[in-house]
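Analysis of the macromolecular model
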Amino acid sequence: MSYCVNCGVELDGTAEMCPLCRTPVYNPARPVDRDGSTPFPTERGEVALDSRWEVAVLISAMLGSAALCCGLLNLFFLLTSQPWSLYVIGAAAMLWVFIVPPLLWRKLPLPAATLLDGAAVGLYVLLIAWELDGLDWYLHLALPATILLAAILLAQVLLFQKRRLSILSTMAVVIASVAVFVAGLELLGDLYFHGGWEPSWSLVVLIVAGALEIPLMVVRRVPKLRKEARRRFHI
Amino acid sequence: MPREQDWYRLDNAGVLYSALKKEKYAPVYRFSAVMMEPVDPEALQQAVDRTMPRFPSFRVRIRKGAFWCYFEPNPKPGPFVRPDISNPCQPIRDRADNDWLIRFYYYESRISFEAFHAVSDGSGALAFFRAVLAEYLRERGIDIPPDPLLPDVAQPPGPEELEDAYGRYAGKRALRKRLQKTAYANTSAPEPFYTLNVTMGLMSVAALKAKAKEYGATITEYLTAVLLLSLLEKQRAERPFREKPIALAIPVNLRAWFPSGTLRNFMLTLRPCVDPTLGEYTLEDLIRYVHHFMGLSLNRAEMRAVVTGNVKFTRNKLLKIIPLFLKKPIMAFSYWLVAVRPFTATFTNPGAVRLPDSMQPHIRRMEVILGQATRPSPHCAAISCGDVMEVTFAGTGTSSETERRFFTHLVREGIPVKVISNRSQQEVR
């Protein structure tokens with residue numbers, strides 16, 4: 001039998017290291033038994049994942065029936081000059097894209113899901129614009145705003161997937177994203193309504209964001225402050 | 001034979017545990033018996049098949065109702081015995097394993113039984129497992145005469161085995177405890193899903209008893225104090241800005257105070273807690289504290305009032321009418337608030353497993369594993385059979401510092417410990 005020179009516990013004959021302190025076993029009088037059976041099996045196993053087909057079918061049926069009922073009501077009973085049911089049908093289709101593909105396709109990459117969701121929102125707004133005869137505001141305001149939002153979310157997803165960020169860095173990224181979106185939104189609005197950039201309310205958001213970003217970045221950069229923040233907030 | 005019930009309400013603990021069940025987590029525990037001979041899988045399957053009809057509370061599947069989850073008899077084939085895996089106590093997933101909430105494994109001479117905690121507590125599970133082991137030995141041609149510890153698998157189950165003992169003993173006066181302080185969490189970097197690091201320490205019951213006696217304590221009190229000391233030292237070594245209390249969750253089998261033959265959940269959790277900001281604690285201090293704490297806490301009236309409070313919570317009229325999909329996050333949050341946040345670790349000791357004399361020579365030792373916690377910190381469990389005491393640390397965190405401190409304390413106290421772990425295989429092979 002071998003004992004851990006560090007912990008003093010007896011080890012199994014097949015153990016190549018102490019499981020408590022990871023000190024390798026070196027016992028010339030009794031080498032590690034590499035052919036013997038280990039105290040625990042080495043094969044890993046995993047319980048099969050639950051099929052989500054039933055839930056996907058249920059959600060599809062719910063959304064589909066809501067869209068169908070509204071369409072039929074609009075066609076035969078609640079006739080109006082504007083086909084109001086299109087909004088409901090479009091919303092149901094958008095929700096379906098949000099919920100069902102990630103349910104059925106577990107390995108759907110998050111960036112792809114984000115792009116898919118962005119496209120669904122863009123198409124739904126297009127439907128509204130088409131119905132209201134507003135392709136002009138769609139092309140110059142709604143579509144760029146949707147693309148901007150999707151791009152910011154995509155950048156965040158890629159960043160968070162690539163690197164495990166600290167809480168401080170995560171907060172900094174989220175605040176910066178909000179500031180960029182707000183500034184971009186005002187820029188697009190100004191270009192559409194006034195033909196030029198006249199920053200006003202977004203400046204307030206940018207200043208507040210900057211005031212929050214600077215201390216976060218300072219704490220992030222200075223190891224002593226970072227350590228102090230960790231201790232203070234127990235993170 | 002009486003007609004089998006169509007469905008069962010979950011007991012008080014089952015309601016909480018079912019609320020926690022999700023794709024990546026379920027409270028699951030494991031009992032194992034290491035036999036003297038290698039396991040014969042066919043005989044084990046026969047034993048399981050013969051035993052299952054006698055225990056309807058284990059022959060169930062969980063279903064979602066509009067307001068609560070419930071159990072119903074599982075008509076599907078199984079449970080089937082299968083070769084063991086290196087990552088035990090995996091989550092119970094919907095529609096997996098033919099909906100069974102229990103599992104059987106075998107490896108070399110070890111027979112393992114895993115159960116979803118909503119089905120039963122350790123005491124009920126051990127009674128069931130003991131019956132399976134007896135049938136297994138009989139299948140192997142060993143004479144196991146009838147014994148009061150072994151229910152006759154040919155007879156129908158007693159009605160008391162299925163009772164909700166919490167409901168039976170809930171009184172009128174409820175003890176409403178204030179929110180406890182947040183305890184030291186003892187977490188480390190999580191392992192990739194799904195890895196459960198298991199480290200077992202094997203030691204002599206006689207040596208442990210003699211050492212505990214030196215301090216005037218029981219084995220449970222002694223081990224609890226050693227664990228508290230290990231956690232105190234570990235937190236201090238991490239040099240936090242402000243030290244948090246060290247609190248253990250110690251499940252207590254209520255059957256000893258409130259007679260019940262139930263095989264479902266019937267336990268309560270005690271919370272011995274020490275505040276490191278008050279100064280240094282010696283092992284003697286901690287043993288004395290645990291000894292008196294246990295003595296004060298284990299009184300019938302107080303335990304009944306706590307049970308009543310828990311039962312009243314799940315019978316709350318407002319909670320009752322909340323749909324299940326909304327209720328699950330509420331219950332999960334309540335569990336985190338009152339059963340995760342205020343505790344550093346769980347330490348459970350089902351004690352010495354009582355086996356009929358005819359079975360004892362065929363079982364080398366018993367083992368117990370508490371499955372993954374809701375966070376990457378280790379849980380501790382102990383069980384003894386004959387002269388072998390087995391203490392397990394199991395968790396999904398990478399650190400083995402808690403178990404190292406615990407076992408080296410015992411070694412320094414003069415108790416020889418043999419350590420086995422699935423870490424050795426995972427990291428080297």
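Let's talk about the overall build of chain A
Broken down by element type, chain A carries seven helices and two strands. In chain A, the succession of helices and strands from N to C terminus is β-β-α-α-α-α-α-α-α. Its C-alpha atoms give chain A a radius of gyration of 29 Å, clearly above 18 Å, the size a compact globule of 235 residues would have. Counting only C-alpha atoms, chain A reaches 95 × 50 × 25 Å along its principal axes. In chain A, the share of contacts with a sequence separation of at least 24, taken over all contacts with a separation of at least 6, comes to 48%. As presented, chain A carries roughly 15,000 Å² of accessible surface, and 70% of it is formed by carbon and sulfur atoms. Between the centroid of the 18 positive side chains of chain A and the centroid of its 18 negative side chains there is a distance of 16 Å.

A closer look at the side chain of B:Ser297
All names here are of chain B. Locating serine 297 in the fold gives a position in helix α7 (residues 283-297). Only 2.8 Å separates the side chain of serine 297 from the backbone oxygen of phenylalanine 293, close enough to count as a polar contact. Residues in contact with serine 297, not counting those within four places in the same chain, are Leu270 and Met303.

Section: the interface of chain A and chain B
Every contact between the two is made by 38 residues of chain A and, on the other side, 46 residues of chain B. Between chain A and chain B, the buried area comes to about 3,800 Å², and carbon and sulfur atoms account for 54% of it. Where chain A packs against chain B, one counts four salt bridges. Measuring nitrogen to oxygen at the nearest pair gives 3.6 Å for the salt bridge that ties B:Arg93 to A:Glu46. In this assembly, chain A and chain B are joined by 14 residue pairs in polar contact (both at pLDDT 80 or more).

A short note on the packing of aromatic side chains
All names here are of chain B. Tallied over the full model, the rule gives 23 aromatic pairs over all chains. Aromatic side chains phenylalanine 104 and phenylalanine 128 sit 6.2 Å apart centroid to centroid with 55° between the ring planes, which places their arrangement in the tilted category. Of the two residues, phenylalanine 104 is situated in strand β6 (residues 102-107) and phenylalanine 128 in helix α3 (residues 122-139); the sequence distance between them amounts to 24 residues. This pair shows no difference in class: phenylalanine 104 is buried, exactly as phenylalanine 128 is.

Basis of the calculations
Residues numbered from 1 in each chain as written. Chains lettered and ligands numbered in written order. Predicted model: local features only at pLDDT ≥ 70, side-chain atom pairs only at ≥ 80, totals over all residues. Heavy atoms only, no water. Helix = DSSP H or I, 4+ residues; strand = E, 2+ residues; numbered from the N terminus. Rg over C-alpha atoms; globule rule 2.2 N^0.38 Å. Contact = heavy atoms within 4.5 Å. Areas by Shrake-Rupley, 256 points an atom, 1.4 Å probe, with all protein chains shown as cover. Lys, Arg positive; Asp, Glu negative; His and termini not counted. Charge placed at Lys NZ, Arg CZ, Asp CG, Glu CD. Polar contact = N/O pair within 3.5 Å; in protein donor to acceptor, adjacent residues only side chain to side chain. Buried area = accessible area lost by both parts, 1.4 Å probe. Salt bridge = Lys/Arg side-chain N within 4 Å of Asp/Glu carboxyl O. Phe/Tyr/Trp six-rings, centres within 6.5 Å; stacked < 30°, edge-to-face > 60°. Buried < 20%, exposed > 50% of the residue type's maximum accessible area, 1.4 Å probe, protein only.

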